[in-house]
Amino acid sequence: MNSIRIAVVGIGNCASSLVQGLEHYREGANDQVGLMHFDMGGYKPSDIKVVAAWDVDRRKVGKDVSEAIFAKPNCTAVFAPNVGPTGTIVKMGKKLDGVADHMADFKDDRTFLVADAAEPSREDVIAELKASGADVLMNYLPVGSQEATEFYADCAIEAGVAFVNNIPVFIASNPVWAKKFEDAGVAIIGDDIKAQLGATIVHRVLTDLFAKRGVKLDRTYQLNTGGNTDFLNMSNHRRLESKKISKTEAVQSVAAERMDDDNVHIGPSDYVPWQNDNKVCFLRMEGQLFGGVPMNIELRLSVEDSPNSAGVAIDMIRCAKIAKDRGIAGVIDPASAYFCKHPRTQMTDDLAQIEVERFIKAA
């Protein structure tokens, strides 16, 4: 089986966990705990190779990916400290709206330090994607990077590289962009990656449980805190609009009936520096049982945020490559519904899992 060659935009905590995971799950290196699929359509994690990378931080640009993933402001868990050189050097990326102005107000080891290197043109990025032989482009830009995400999505289309949109900028779920990918014969999976077992997937499963057991869900909130650059970036609430829509719709879509907007509150709540990449979710759900008798659930979930998404990312990469191998273009709906918060077509997680398995096994 051929390898899967990936390009990565944004060498932050999520990219760090992904690259560490490729080392950790090398065949025979460790057990398979933590993976939803070890073999997917003949592809294993160790078949994934990073062949191109972009970032704008001066501590990462010019470094091998294996070094850049451990550079500040990254603060995620180090579970594979001996990642060998990839041979891929991080290149200066296109800034556009990828760095929020308020990030300049924080300490160097907490924020982005933009390199003074020349930014690439559209033609530069397309040429690099083609020259590297990339199969899939992973978008790990900060939340709120609308222009930058559209820039790289356009480059992927032109280069014929499948696009995996891990952030809540709506590309796969935007009919205009979805048609662009379909017309170009390029696959896309998105938008906004679900963690393996994170706040949104737990909230969705419990909401679905309420519906299946005949319990009326009256109101709910999901409050999240964390100390990584994602939470720091989102402390500017102007960058949160699409994130709140994505997370809220992920829950509303599996409720027995939609709740009034005033009765559902979901989204990042505060930046707590000492938490680093640890994310804490406070969840409360209030409803009515038999006879209208009230009930409520309160739950606290604590996870290392970036490793929690990396196993999902490995599956998204392989689904994108499988689609490319089969000549499937446009939005890959089963993978988008199972792995993302804001897919073009929402499904319950049970149904989405069935559809993903059908997609993988299809001749």
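So, how was this worked out
Residues numbered from 1 in each chain as written. Predicted model: local features only at pLDDT ≥ 70, side-chain atom pairs only at ≥ 80, totals over all residues. Heavy atoms only, no water. Helix = DSSP H or I, 4+ residues; strand = E, 2+ residues; numbered from the N terminus. Expected span 1.5 Å × (residues − 1). Buried < 20%, exposed > 50% of the residue type's maximum accessible area, 1.4 Å probe, protein only. Arc of directions from axis to C-beta. Contact = heavy atoms within 4.5 Å. Axes fitted to C-alpha atoms, helices over the stretch in contact; angles between N-to-C directions. Parallel < 35°, antiparallel > 145°, perpendicular 65-115°, else oblique. Left-handed = near helix turned anticlockwise from the far one by under 90°. UniProt positions renumbered as here; feature names shortened; annotations may be inferred. Patch = residues over 30% accessible without salt bridge, like charges linked within 9 Å, V, L, I, M, F, W, Y side chains within 5 Å. Areas by Shrake-Rupley, 256 points an atom, 1.4 Å probe, with all protein chains shown as cover. Salt bridge = Lys/Arg side-chain N within 4 Å of Asp/Glu carboxyl O. Pairing = 2+ DSSP bridges. Domains from an automatic or database assignment. Buried area = accessible area lost by both parts, 1.4 Å probe. Polar contact = N/O pair within 3.5 Å; in protein donor to acceptor, adjacent residues only side chain to side chain. Nonpolar A, V, L, I, M, F, W, Y, C, P; charged D, E, K, R; others polar. Core = buried A, V, L, I, M, F, W, Y, C linked by side-chain atoms within 4.5 Å.

Observations regarding helix α11 (residues 349-361)
Okay, so step 1: For α11, spanning 13 residues, the distance from its first C-alpha to its last is 18 Å, which sits close to the expected 18 Å at 1.5 Å a residue.
Okay, so step 2: Within α11, the full set of buried residues consists of D349, A352, V356, F359 and I360. The buried residues of α11 occupy one face: seen down the axis, they fall within an arc of 95°. Of the exposed residues in α11, those oriented more than 90 degrees away from the buried face are R358 and K361.
Okay, so step 3: Packing partners of the buried residues in α11 comprise α6 (199-212), α9 (307-326) and α10 (333-339).

With respect to the packing of helix α4 (residues 146-159) against helix α5 (residues 175-184)
Okay, so step 1: Taken N-terminus to C-terminus, the directions of α4 and α5 make an angle of 20°; their axes are 10 Å apart at the nearest point. In this view, α4 runs roughly parallel relative to α5, as classed from their interaxial angle. Seen from above, α4 lies across α5 with left-handed handedness. Of the residues in α5, those in contact with E150, A153, D154 and I157 of α4 are W177, K180, F181 and A184.

Topic: the UniProt feature "domain: Myo-inositol-1-phosphate synthase GAPDH-like" (unreviewed entry) in the protein chain
Okay, so step 1: UniProt's entry tags residues 198-306 with the feature "domain: Myo-inositol-1-phosphate synthase GAPDH-like" (unreviewed entry), counted in the numbering of this structure.
Okay, so step 2: As a span, residues 198-306 carries 29% helix and 38% strand, and end to end its C-alpha atoms are 10 Å apart.

What to know about α6
Okay, so step 1: The first and last C-alpha atoms of α6 sit 20 Å apart over 14 residues, in line with the 20 Å expected at 1.5 Å per residue.
Okay, so step 2: The buried fraction of α6 amounts to ten of the 14 residues, a majority that puts the element mostly inside the structure.
Okay, so step 3: Turning to α6, the residues buried within the fold contact β7 (216-226), α8 (241-252), β8 (264-271), β9 (278-288), β10 (294-304) and α11.
Okay, so step 4: Positive backbone phi, at 75°, marks G214, one or two positions downstream of α6.

Quick notes on a nonpolar patch on the surface
Okay, so step 1: Together, L289, F290 and V293 make up an exposed nonpolar region whose accessible area comes to about 360 Å².
Okay, so step 2: Inspection of the secondary structure puts L289 in the loop between β9 and β10.

Re the environment of L283
Okay, so step 1: Position of L283 among the secondary structure elements: in strand β9.
Okay, so step 2: Sequence separation between L283 and R300 is 17 residues; the distance between their C-alpha atoms is 6.4 Å.
Okay, so step 3: If we skip the residues at most four places from it in the chain, L283 touches V202, H203, L206, T220, Y221, Q222, I297, E298 and L299.

Things to note about the sheet that holds β9
Where strands meet in a sheet, backbone hydrogen bonds hold them as pairs that are either parallel or antiparallel.
Okay, so step 1: Read across the open sheet, the four strands follow the order β8-β7-β9-β10; overall the sheet is mixed. Only two strands of the sheet have a single partner each, and these edge strands are β8 and β10. Each neighbouring strand pair of the sheet contributes to a mean axis angle of 10°, computed without reference to strand direction.
Okay, so step 2: Examined bridge by bridge, β9 and β10 share eleven bridges and lie antiparallel to one another. Residue pairing for β10: N278 is matched across the bridge by E304.

Comments concerning the domain arrangement of the protein chain
How big an interface is tends to be expressed through the accessible area that disappears when the partners come together.
Okay, so step 1: When its domains are assigned, the protein chain resolves into domain 1 (2-192 + 305-359) and domain 2 (197-303).
Okay, so step 2: Between domain 1 and domain 2, the C-alpha centre-to-centre distance is 25 Å.
Okay, so step 3: Listed per partner, the contact involves 32 residues of domain 1 and 33 residues of domain 2.
Okay, so step 4: Together domain 1 and domain 2 conceal approximately 2600 Å² of surface at their shared face, both sides included; 50% is due to carbon and sulfur atoms.
Okay, so step 5: Of all residues in domain 1, R110, V143 and D305 give up the largest surface area on contact with domain 2, accounting jointly for 26% of the area buried on that side.
Okay, so step 6: The tally of links from domain 1 across to domain 2 stands at three salt bridges.
Okay, so step 7: Here R204 and D349 are joined by a salt bridge, their closest N and O atoms 2.8 Å apart.
Okay, so step 8: Summed over the shared surface of domain 1 and domain 2, the result is 23 residue pairs in polar contact (both at pLDDT 80 or more).
Okay, so step 9: Class assignment for the residues of the side of domain 1 that touches domain 2 results in 13 nonpolar, twelve polar and seven charged.

What to know about the nonpolar core
Okay, so step 1: Counting residues in each nonpolar core, the largest one holds 50 residues, and the members touching the most others are I6, M138, I189 and F339.
Okay, so step 2: Residue contributions to this core peak at nine residues, all from α9.
Okay, so step 3: Ignoring any residue separated from it by four or fewer positions in sequence, one finds M138 in contact with I6, A7, V8, V9, V164, N166, A313 and I317.
Okay, so step 4: Counting residues in each nonpolar core, the second largest holds 31 residues, with A52, L129, F151 and Y152 among its members.

Things to note about the pattern of salt bridges
Okay, so step 1: Inspection of every chain in the model, using the stated rule, returns 22 salt bridges.
Okay, so step 2: In this structure, E23 and R26 form a salt bridge, with 3.0 Å as the shortest nitrogen-oxygen distance.
Okay, so step 3: On the accessibility criterion, R26 (40% relative accessible area) is partly exposed.
Okay, so step 4: The shortest N-O distance in the salt bridge between E286 and R284 comes to 2.7 Å.
Okay, so step 5: Classification of E286 by relative accessible area gives partly exposed; the value is 21%.
Okay, so step 6: Residue R284 is classed as buried on the basis of its relative accessible area of 19%.
Okay, so step 7: Each of R219, R284, E286 and E298 takes part in a single network of salt bridges with overlapping partners.

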